[in-house]
Number of protein chains: 2
Amino acid sequence: MTEDDLIARYFVPIAGPAALGLKDDTALYAPPAGQELVLTVDALVAGVHFFPDDPPQTIARKALRVNISDLAAKGSEPQGFLLTLALPHGTDAAWLERFAGALGEDAKTYRCPLMGGDTVSTPGPLMISITVLGCVPAGSMVKRTGAETGDILFVSGTIGDAALGLLVHGKSPPAWVDRLSGPHRDFLIARYLEPQPRLALAPLVRACANGAMDVSDGLAGDLTKMMHASGVAARVDLARVPFSDAAKAVIADAAAFDSAVTGGDDYEILCAVPPSHALVFEQLALKDGVAVTRIGEVVEGAAGTATFIGADGKPHTFARGSYSHF
Amino acid sequence: MTEDDLIARYFVPIAGPAALGLKDDTALYAPPAGQELVLTVDALVAGVHFFPDDPPQTIARKALRVNISDLAAKGSEPQGFLLTLALPHGTDAAWLERFAGALGEDAKTYRCPLMGGDTVSTPGPLMISITVLGCVPAGSMVKRTGAETGDILFVSGTIGDAALGLLVHGKSPPAWVDRLSGPHRDFLIARYLEPQPRLALAPLVRACANGAMDVSDGLAGDLTKMMHASGVAARVDLARVPFSDAAKAVIADAAAFDSAVTGGDDYEILCAVPPSHALVFEQLALKDGVAVTRIGEVVEGAAGTATFIGADGKPHTFARGSYSHF
């Protein structure tokens with residue numbers, strides 16, 4: 001199969017109007033009047049960000065959704081994406097069909113059509129890099145740098161499911177896995193494999209938050225990063241951090257608890273909301289079907305300090321800070 | 001070194017205003033009023049698109065310039081780029097410093113600043129994927145689909161240098177390499193390693209051409225693609241195809257000649273210009289410092305047919321069509 005055949009067969013069907021039928025080397029896109037573009041790129045490598053034998057559908061969904069999650073946290077709506085696909089030799093048609101099919105479904109769900117791409121072969125592992133374009137009304141993007149002293153810290157959904165799911169899904173699951181029911185195991189693994197970007201919250205984040213980011217490298221580390229970028233400090237009450245029933249079944253184990261709060265792949269939204277907007281943020285988020293939970297507040301202190309208060313009222317120290325790629 | 005350290009040290013210095021200091025996961029960019037965005041992405045893999053021991057500077061330049069070349073052929077001016085960098089374990093600081101330094105210089109030269117990116121580690125080969133944003137006045141992007149019967153076919157610069165340069169640079173150079181002087185060898189290798197995107201021609205392509213594309217997978221194959229996309233045919237006089245002095249020194253060899261006309265990596269512009277605009281296109285291009293040469297014309301015939309007439313007046317058949325990644 002030539003590259004052109006591959007494009008015609010798998011990618012033309014999922015391309016949006018900006019792709020011009022993927023007949024050109026470029027896409028053509030006009031942002032809506034009065035809007036600014038929000039741009040992000042994230043790459044996934046087999047054996048690093050997912051397991052090489054994960055189903056192609058979940059790999060496709062994760063690759064797109066981690067980017068949609070970035071947009072959601074900035075209060076931005078997706079407009080489309082460009083795909084770089086580095087395929088190992090011998091990638092077969094069945095794999096490509098399932099990958100492209102799932103990508104196309106997600107593109108519809110998130111109203112984020114394929115605009116263009118590049119497909120290359122590689123002697124190395126499968127790699128997917130996706131650039132997503134979003135837009136926001138001019139001046140309304142919510143930055144990581146905007147958190148202010150006095151703001152209430154919120155997170156969406158539940159924390160730690162994906163980090164625990166990775167451990168359950170991995171080659172050497174820890175002993176606490178035995179405490180999980182079958183459905184709880186499946187739930188945690190699904191949370192690892194298929195992030196649910198909180199796009200429904202984008203307009204609310206834009207309307208209510210001073211600062212926001214998506215939690216992709218662990219709550220503890222990402223909060224530290226946001227506080228550092230904003231030049232402020234945070235105080236979090238660990239008893240308030242929202243956990244799923246599945247996570248609750250194992251976090252009595254100290255190592256599991258630390259994994260949940262410091263591990264990556266949550267793709268929830270962490271945001272700093274001024275007290276005046278906190279109630280309306282909470283209520284409208286619930287109306288949109290996403291629970292948001294107050295976990296602490298932004299306080300004065302050395303920039304980038306995040307203090308996590310444990311059940312004993314004392315600061316909790318984690319065994320490790322956040323996921324680092326290097 | 002953490003990912004944040006790496007970003008701060010090597011990439012913040014080359015970032016433009018849209019990057020927001022690379023403190024967020026996203027870039028924020030407002031296109032100029034009345035302009036549309038032209039978007040393209042190209043990926044390079046070590047061992048496939050370049051030699052793993054090529055200097056980091058030339059790898060950086062090639063990675064950005066192949067994208068700038070796409071924009072130039074569409075009549076578009078660059079606005080900025082997003083970088084995905086998959087680094088093999090053990091990539092050292094000296095490599096990164098030279099890579100980022102050269103990328104930063106090119107970003108200045110082409111007025112195409114870094115907007116954002118993602119850096120990941122890989123157990124596989126080095127891979128670079130770059131998404132470039134350009135803009136054009138609304139409605140003026142030059143498509144591959146626009147060539148019309150009667151148009152004059154032009155190419156910029158000279159053809160085949162990079163394909164010959166790759167053979168000279170490779171592990172088993174062909175016998176004809178002995179016919180090259182030292183400076184000619186260096187010239188051909190440089191043409192392979194460091195494309196010169198014809199950005200100076202972008203406004204002229206926009207003003208004069210009905211259809212255009214950059215020649216990246218070989219003149220013969222790319223012309224066929226453009227004719228196919230435009231639903232027309234082409235007739236090219238091989239005696240008119242412009243060759244450099246270095247290429248002229250070896251293309252008496254039939255295999256070298258075929259490599260020059262079918263091999264990739266030219267990054268010249270191929271365009272179809274109506275006869276009414278041909279003279280002004282030629283003259284203004286020369287004023288901008290880029291020679292453009294009439295190589296043939298768009299004719300009626302089966303869509304996607306490109307006939308190359310040899311010195312004997314008969315159609316020439318190439319041993320292979322164009323570079324395919326699969």
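In the block above lies the structure referred to throughout.
Conventions we followed
Residues numbered from 1 in each chain as written. Chains lettered and ligands numbered in written order. Predicted model: local features only at pLDDT ≥ 70, side-chain atom pairs only at ≥ 80, totals over all residues. Heavy atoms only, no water. Helix = DSSP H or I, 4+ residues; strand = E, 2+ residues; numbered from the N terminus. Rg over C-alpha atoms; globule rule 2.2 N^0.38 Å. Areas by Shrake-Rupley, 256 points an atom, 1.4 Å probe, with all protein chains shown as cover. Lys, Arg positive; Asp, Glu negative; His and termini not counted. Charge placed at Lys NZ, Arg CZ, Asp CG, Glu CD. Pairing = 2+ DSSP bridges. Axes fitted to C-alpha atoms, helices over the stretch in contact; angles between N-to-C directions. Contact = heavy atoms within 4.5 Å. Salt bridge = Lys/Arg side-chain N within 4 Å of Asp/Glu carboxyl O. Buried < 20%, exposed > 50% of the residue type's maximum accessible area, 1.4 Å probe, protein only. Buried area = accessible area lost by both parts, 1.4 Å probe. Polar contact = N/O pair within 3.5 Å; in protein donor to acceptor, adjacent residues only side chain to side chain. Parallel < 35°, antiparallel > 145°, perpendicular 65-115°, else oblique. Nonpolar A, V, L, I, M, F, W, Y, C, P; charged D, E, K, R; others polar. Expected span 1.5 Å × (residues − 1). 1 Å grid on protein atoms, 1.4 Å probe; cavity = no way out; pocket = protein on both sides within 12 Å on 5 of 7 lines; lining within 4 Å. Points joined across faces, edges and corners; volume = space filled by probe spheres on them.

Peer 1: Give me the overall build of chain A: which residues, what numbers.
Peer 2: Scanning chain A from N- to C-terminus turns up 10 helices and 11 strands. Taking 2.2 N^0.38 as the reference for a compact globule, 326 residues should give roughly 20 Å; the C-alpha atoms of chain A span a radius of gyration of 20 Å, in line with that estimate. For the C-alpha atoms alone, the extent of chain A along its principal axes is close to 65 × 50 × 35 Å. Element-wise, carbon and sulfur atoms account for 53% of the exposed surface of chain A, whose accessible area totals about 12,000 Å². The average position of the 25 basic charges and that of the 37 acidic charges among the side chains of chain A differ by 4 Å.

Peer 1: Describe the sheet that holds strand β6 (residues 152–156) of chain A, and please don't skip the residues or the numbers.
Peer 2: Residue and element names in this part refer to chain A. Spatial ordering of the open sheet is given by β7-β9-β6-β10-β8-β11, a layout of six strands whose pairing is mixed. The two strands at the open ends of the sheet, each matched to only one other strand, are β7 (211–215) and β11 (306–309). Neighbour-to-neighbour, the strand axes of this sheet turn through a mean angle of 25°, independent of strand direction. By the bridge criterion, four bridges tie strand β8 (residues 233–237) to β11 in an arrangement that is parallel. Looking at the pairing, Asp237 lines up with Ile309 of β11. Taken strand by strand, helix α7 (residues 219–230) contacts β6, β7, β8, β9 (268–273), β10 (292–299) and β11, and its axis lies near 155° from that of β7. Packing against the sheet, helix α10 (residues 275–287) makes contact with β6, β9 and β10, and its axis sits at approximately 160° to β10.

Peer 1: Residues and numbers for the pattern of salt bridges, please.
Peer 2: Counted by the stated rule, this structure contains 28 salt bridges over all chains. When the shortest N-O distance is used, the salt bridge between Lys74(A) and Asp24(B) registers 2.3 Å. One end of the pair, Lys74(A), is in the loop between α2 (56–73) and β3 (77–88); the other, Asp24(B), is in the loop between α1 (3–11) and β1 (27–29), on a second chain. On the basis of relative accessibility, which here comes to 10%, the residue Asp24(B) falls in the buried class. Taking the shortest distance from any N to any O, the salt bridge between Arg294(B) and Glu282(B) comes out at 2.8 Å.

Peer 1: I'd like a description of the side chain of Asp161(A), backed by residues and values.
Peer 2: All names here are of chain A. Inspection of the secondary structure assignment puts Asp161 in helix α4 (residues 161–169). Looking at Asp161, the relative accessible area reads 0%, which means it is buried. If we ignore the near neighbours within four places in the chain, the residues touching Asp161 are Phe187, Leu188, Arg191, Ser244, Ala247 and Asp266.

Peer 1: Would you mind going over α4(A) in detail, with residue names and values included?
Peer 2: Within α4(A) the residues assigned to the buried category are Asp161(A), Ala162(A), Ala163(A), Leu164(A), Gly165(A) and Val168(A). Looking at the packing, one finds that the buried side of α4(A) touches α5 (182–193), α8 (245–248) and α9 (254–262) of chain A.

Peer 1: Just give me the short version of the interface of chain A and chain B, but keep the residues and values in it.
Peer 2: On the chain B side, the residues contacting the 60 residues of chain A number 60 residues. Interface area for chain A against chain B, summed over the two sides, is near 4,800 Å², with a carbon-plus-sulfur share of 63%. Counting across the interface, chain A meets chain B through 19 residue pairs in polar contact (both at pLDDT 80 or more). Of all the secondary structure elements, the ones that give two or more residues to the side of chain A that touches chain B are α1 (3–11), β1 (27–29), β2 (35–45), β3, β4 (114–122), β5 (127–137) and β7 of chain A. The biggest single contributor to the side of chain A that touches chain B is β2(A), with nine residues. In the sheet, β1(A) pairs with strand β2 (residues 35–45) of chain B via three bridges, with the strands oriented antiparallel. By the bridge assignment for β2(B), Tyr29(A) is matched with Leu37(B).

Peer 1: Run through the packing of helix α4 (residues 161–169) of chain B against helix α9 (residues 254–262) of chain B, naming residues and quoting values.
Peer 2: All names here are of chain B. Remark: α4 packs on α9, axes separated minimally by 6 Å, with the N-to-C direction vectors making an angle of 125°. Judged by the inter-axis angle, α4 sits oblique to α9. Here Ala163, Leu164 and Leu167 of α4 come into contact with α9, specifically with Ala256, Ser259 and Ala260. Across the contact of α4 with α9, the residue classes break down as five nonpolar, one polar and no charged.

Peer 1: Provide a residue-level description of α10(A), including the pertinent values.
Peer 2: Along an α-helix, residues three or four positions apart point the same way, because every turn accommodates 3.6 residues. All names here are of chain A. With 13 residues, α10 extends 19 Å between its outermost C-alpha atoms, agreeing within 8% with the 18 Å of an ideal straight helix rising 1.5 Å per residue. Three or more residues of α10 are buried, namely Ala278, Phe281 and Ala285. Summarising the contacts, the buried residues of α10 are in contact with β6, α6 (202–208), β9 and β10.

Peer 1: Break down the environment of Leu28(B) for me, with residues and values.
Peer 2: With respect to the helices, strands and loops of the structure, Leu28(B) is situated in strand β1. Judged by relative accessible area, Leu28(B) falls into the buried class, the value being 19%. Placed 270 residues apart in sequence, Leu28(B) and Val298(B) show a C-alpha to C-alpha distance of 42 Å. In this view, Leu28(B) contacts Glu36(A), Leu37(A), Val38(A), Val136(A), Met141(A), Lys143(A), Ala18(B) and Leu20(B); residues no more than four positions away in its chain are not counted.

Peer 1: Which residues make up empty space enclosed by the protein, and what are the values?
Peer 2: If you walk through the whole model with that rule in mind, you get one cavity of 30 Å³ or more. Size it by volume and the largest cavity reaches roughly 50 Å³. Around the largest cavity sit Ala86(A), Thr122(A), Pro125(A), Met127(A), Ala86(B), Thr122(B), Pro125(B) and Met127(B), which together line it. Across the lining of the largest cavity, the residue classes break down as six nonpolar, two polar and no charged.

Peer 1: Can you explain the sheet that holds strand β4 (residues 114–122) of chain B? Please cite residues and give values.
Peer 2: Across the sheet, which stays open at both edges, the five strands sit in the order β1(A)-β2(B)-β5(B)-β3(B)-β4(B) with mixed pairing between neighbours. If you trace the sheet from one side to the other, it starts and ends with β1 of chain A together with β4 of chain B, each paired once. Put simply, the sheet's adjacent strands are angled 20° from each other on average, direction ignored. With respect to the sheet, α1(B) is in contact with β3 (77–88) and β4 of chain B, its orientation differing from that of β4(B) by roughly 135°. Contacting β3 and β5 (127–137) of chain B, helix α3 (residues 93–109) of chain B runs over the sheet at an angle of about 170° to β3(B).

Peer 1: Can you break down the packing of α4(A) against α5(A) residue by residue, with the values?
Peer 2: Pairs of packed helices are described in terms of their axes, by the angle between the two and the distance that separates them. Residue and element names in this part refer to chain A. As a packed pair, α4 and α5 sit with axes 7 Å apart at the nearest point and diverge in direction by 110°. The angle between α4 and α5 places the two elements in the roughly perpendicular class. Together, Asp161, Ala162, Leu164, Gly165, Leu166, Val168 and His169 of α4 and Arg185, Phe187, Leu188, Ile189, Arg191, Tyr192 and Leu193 of α5 make up the contact between the two elements. For the contact of α4 with α5, the residue count by class is nine nonpolar, two polar and three charged.

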